Amino acid sequence: MAAAPAVPLLINLGGSLLGFVATLALIPAFKDHFLAARLFGEDLNKASRRPVPEAQGVISGAVFLIILFCFIPVPFLRCFVEEQCAAFPHDEFVELIGSLLAICCMIFLGFADDVLNLRWRHKLLLPTMASLPLLMVYFTNFGNTTIVVPKPFRLLLGMHLDLGILYYVYMGMLAVFCTNAINILAGINGIEAGQSLVIAASIIVFNMVELNGDYRDDHIFSLYFMIPFFFTTLGLFYHNWYPSRVFVGDTFCYFAGMTFAVVGILGHFSKTMLLFFIPQLLNFLYSLPQLFHVIPCPRHRLPRLNPSTGKLEMSYSKFKTKSLSALGTNILKAVKILHIVDVRSGTDEDGEYTECNNMTLINFVIKLIGPTHERNLTLLLLLIQVLGSMIAFSIRYQLVRLFYDV
Amino acid sequence: MAAAPAVPLLINLGGSLLGFVATLALIPAFKDHFLAARLFGEDLNKASRRPVPEAQGVISGAVFLIILFCFIPVPFLRCFVEEQCAAFPHDEFVELIGSLLAICCMIFLGFADDVLNLRWRHKLLLPTMASLPLLMVYFTNFGNTTIVVPKPFRLLLGMHLDLGDYRDDHIFSLYFMIPFFFTTLGLFYHNWYPSRVFVGDTFCYFAGMTFAVVGILGHFSKTMLLFFIPQLLNFLYSLPQLFHVIPCPRHRLPRLNPSTGKLEMSYSKFKTKSLSALGTNILKAVKILHIVDVRSGTDEDGEYTECNNMTLINFVIKLIGPTHERNLTLLLLLIQVLGSMIAFSIRYQLVRLFYDV
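Residues numbered from 1 in each chain as written. Chains lettered and ligands numbered in written order. Predicted model: local features only at pLDDT ≥ 70, side-chain atom pairs only at ≥ 80, totals over all residues. Heavy atoms only, no water.

**Some thoughts on the sheet that holds strand β7 (residues 302–308) of chain B**
Residues and elements named next belong to chain B. We apply this condition: Pairing between strands requires that DSSP locate at least two bridges from one strand to the other. Strands are runs of DSSP state E lasting at least two residues, helices are runs of H or I lasting at least four, and both sets are numbered from the N terminus onward. To get an axis, fit a line to the C-alpha atoms, keeping to the stretch in contact for a helix; angles then go from 0 to 180 degrees between the N-to-C directions.
Read from one edge of the open sheet, three strands run β5-β7-β6, paired in antiparallel fashion. Only two strands of the sheet have a single partner each, and these edge strands are β5 (267–271) and β6 (294–299). Put simply, the sheet's adjacent strands are angled 25° from each other on average, direction ignored. In the sheet, β6 pairs with β7 via six bridges, with the strands oriented antiparallel. Each bridged residue has a counterpart across the sheet, and for Thr 298 the counterpart in β7 is Glu 303.

This is the structure:
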């Protein structure tokens, strides 16, 4: 493809702007349906206990799908209108449809999770199932499971390494990771949609820079998804920003995670994409002891409102000191010495207890800067997300020379 | 494709049997989740008002999707394993994925309808949106909107070329119909009288889209519509109520007579004066033709008219009298089988009147 597909990209942008307006309008329009269906939550960090419609990611997701359904023939019009194709590019068409299948399935399963309150193990199974079409398309279109080995490992592993089936495991895990990583960096108004907007914008910038490179088609493909995702999420963010009038739901986290995984895999830039997930990775690593229940993990780990100051403070996990395993006790000792977790002990009517702050990035930020107003806290975390993307770009374009020949 | 694809079809069958077992097991397993989500209904024709889980079509639909996701590469393995393909049949692959996209979207929107109780106009919009991928795939793969003109019209319209080999189309259809049959069988086991679960609008959307997909991409939509004869008759009979020319209540299902334990016709009751001229004439006509039971009377609100709700089910009760629910369903399923037999005789016998076969 010699010339940039300016026309399809412009049509995609136009459709995405319509999608922004549609999402903006549809969310308040369906409010009563969600309340009647009892799909609402309460904002635990507000004094009022007004019901807040949940799972609104289903609306932005449905709008996203409709835009892209209508867009399906657009990149291929040149084949019909001016007969500019030697042969119809079926493999590109398959990628488009296969990606939409994975994303559509994910939105569906995500919405089913929000409605039926499925268990945690399902949160790992569902993205895996929804990625199947993606893996099948990859297998059929590319089937390439060879990676270029980073420089430091070349003496050991050689220049190229064929991962075989492990490559497919990696791709399957990518969707599971992206969906859940966004899902656990959550709990303050606007953070889930906000972090996704920053990641999407970063990917869009990356794609635009790479339009001049050797893999232009991959990046155009990615833009076809990222632009509508950005604008429909922007419509959702408008209603979800502090103070939230709606919540995005697990539906949104699944939808976002799968869309990122799709463009990363079929666009062949999954490592760069993961660089944009640095804050999510840090949050995930910091959360590990609680995720594996080595340290007790309460249902909600979001920061806690102090009603008298109106600011958010760290939330704590409280448990009997004796109930901790040897591993748990050692971890607590280590994080206390490193000053990365606030650990306190005491005695009450039940006996000796220990408390530590819930190990999330949000709580860690409060630990560093003290109690903060919710809006400022979210803004700060979004700033961290932007900084993370800037670091990602410098790694990708500078430090990369240490690992690969570019 | 010279030889019949025995291996892919057998794998499809095997996966479908697994799907049958999975659906059978998952429906009771998720019962509490549905009740907690308040996705339940009441059986209006039973004395007990026990909550019955609804929207179970979402479970059989999800199992169907998983079977087919795993099945995606199977018809194409011959290209990788033995390199039996000149070039990879991308257009067939596109049809498979595009069909799954339409069906997946339909199950999703159908489930959203069951959860959010969307309005009637959405019941027309949602399937249209979900078919978009199907239309795009058709447009791209075939771009062929030529039909074969039925004989009586050929002098007028001329003759068009029909398409080539049909075998691949029917294999494609089997890849979808076999899993659909077995997952629906699993659902049917729990839904048969007396229903422990209800299928929901989700199921109706799912079924309808799956049939449409195979009919369109398999190029046998006219034959497929022949299998819908009872549904067509029910639709035609319902038209006056669907367009609200005759008042249409929320539920038109037959009504239980608690003393006999049998189902009787349900009626739509309205003030005689409130009917339009068109409505009055339609009622006169159907009364004369004896296809609707029309009664009049006077009560404290004034003069009223009653007619049985115009559904095929009520019509069967009109013909044979009050019937036990199980027998009524069996009879309607028998009518469906008869309809299919008529469809086959039309397709293979009478078709000679319309086309050269």
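**A few points about the environment of Asp 91 of chain A**
Condition: In what follows, a contact means two residues having at least one pair of non-hydrogen atoms within 4.5 Å.
For Asp 91 of chain A, the location among the structural elements is in helix α5 (residues 90–116). Asp 91 of chain A sits 46 residues away from Val 137 of chain A along the chain, and the two C-alpha atoms are 9.0 Å apart. Setting aside its immediate chain neighbours within four residues, Asp 91 of chain A contacts Asn 141 of chain A together with His 90 of chain B.

**Points about the interface of chain B and chain A**
Rule in force here: Buried surface area refers to the total accessible area, computed with a probe of radius 1.4 Å, that the two partners give up upon joining, counted for both partners together. In what follows, salt bridge is the name for a side-chain nitrogen of Lys or Arg lying within 4 Å of a carboxyl oxygen of Asp or Glu. When residue character is reported, Ala, Val, Leu, Ile, Met, Phe, Trp, Tyr, Cys and Pro are called nonpolar, Asp, Glu, Lys and Arg charged, and the others, Gly included, polar.
Each side of the interface is counted separately: chain B has 44 residues, and chain A has 44 residues. Summing both partners gives a buried area of about 4,000 Å² for chain B against chain A, and 88% of it is carried by carbon and sulfur. By the criterion of area lost to chain A, the three top residues of chain B are Phe 69, Phe 108 and Leu 116 of chain B, representing 17% of everything that side buries. Counting across the chain B and chain A interface gives zero salt bridges. Here the side of chain B that touches chain A takes 16 residues from helix α5 (residues 90–116) of chain B, the largest share from any one element. The residue inventory of the side of chain B that touches chain A, partitioned by class, reads 34 nonpolar, seven polar and three charged.

**Observations concerning the UniProt feature "domain: DPAGT1 insertion" (unreviewed entry) in chain A**
In plain terms, the rule: UniProt positions are given in the numbering used here, feature names are shortened, and annotations may be inferred rather than shown by experiment.
Mapped onto this numbering, the UniProt entry annotates "domain: DPAGT1 insertion" (unreviewed entry) at residues 316–358 of chain A. Along residues 316–358 of chain A one finds 28% helix and 42% strand; the C-alpha atoms at either end are 5 Å apart.

**Side note on the pattern of salt bridges**
Any two side chains of opposite charge can pair, on the condition that their charged atoms come close. Stated formally: A 1.4 Å probe rolled over the protein chains alone gives each residue an accessible area, and that area as a share of the maximum for its type sets the label: buried under 20%, exposed over 50%, partly exposed in between.
Going through the model one piece at a time under the given rule, you end up with 18 salt bridges over all chains. A salt bridge links Glu 374 of chain A to Lys 46 of chain A; the shortest N-O distance between them is 2.8 Å. Taken together, the residues span a long stretch of sequence, with Glu 374 of chain A in helix α16 (residues 374–403) and Lys 46 of chain A in the loop between β1 (40–42) and β2 (51–53) at a distance of 328 residues. As far as the burial class goes, Glu 374 of chain A and Lys 46 of chain A line up, both buried. The shortest N-O distance in the salt bridge between Glu 264 of chain B and Arg 255 of chain B comes to 3.4 Å.

**Some words on the UniProt feature "transmembrane region" (unreviewed entry) in chain A**
Residues and elements named next belong to chain A. Under the UniProt annotation, the feature "transmembrane region" (unreviewed entry) is placed at residues 6–30, 58–76, 96–112, 165–186, 193–209, 221–239, 251–269 and 377–399. In residues 58–76, the share of helix is 74% and the share of strand is 0%. The end C-alpha atoms are 29 Å apart. End C-alpha atoms of residues 221–239 are separated by 29 Å, and the span's content is 100% helix alongside 0% strand.

**With respect to the sheet that holds strand β7 (residues 316–320) of chain A**
Residues and elements named next belong to chain A. Judged by pairing direction, the sheet is antiparallel, and its three strands sit side by side in the order β7-β9-β8 without closing on themselves. The open sheet has two edge strands with one neighbour each: β7 and β8 (343–348). Mean inter-strand twist for the sheet, computed between neighbouring axes without regard to direction, equals 25°. Pairing between β7 and strand β9 (residues 351–357): five bridges, direction antiparallel. Note on β9: the bridge partner recorded for Lys 318 is Glu 355.

**So, the side chain of Glu 374 of chain A**
All names here are of chain A. The cut-off we apply is this: Pairing of N or O atoms within 3.5 Å defines a polar contact, subject to two protein rules: one partner must be a possible hydrogen donor and the other a possible acceptor, and residues neighboring in sequence count only if both atoms are side-chain atoms.
According to the relative accessible area criterion, Glu 374 is buried, its value standing at 3%. One polar contact links Glu 374 to Lys 46, side chain to side chain, over a distance of 2.8 Å. From its side chain, Glu 374 meets the backbone nitrogen of Asn 189 in a polar contact 2.8 Å long. Those residues in contact with Glu 374, other than ones at most four positions away along the chain, are Asn 45, Lys 46, Ile 188, Asn 189, Tyr 242 and Leu 312.

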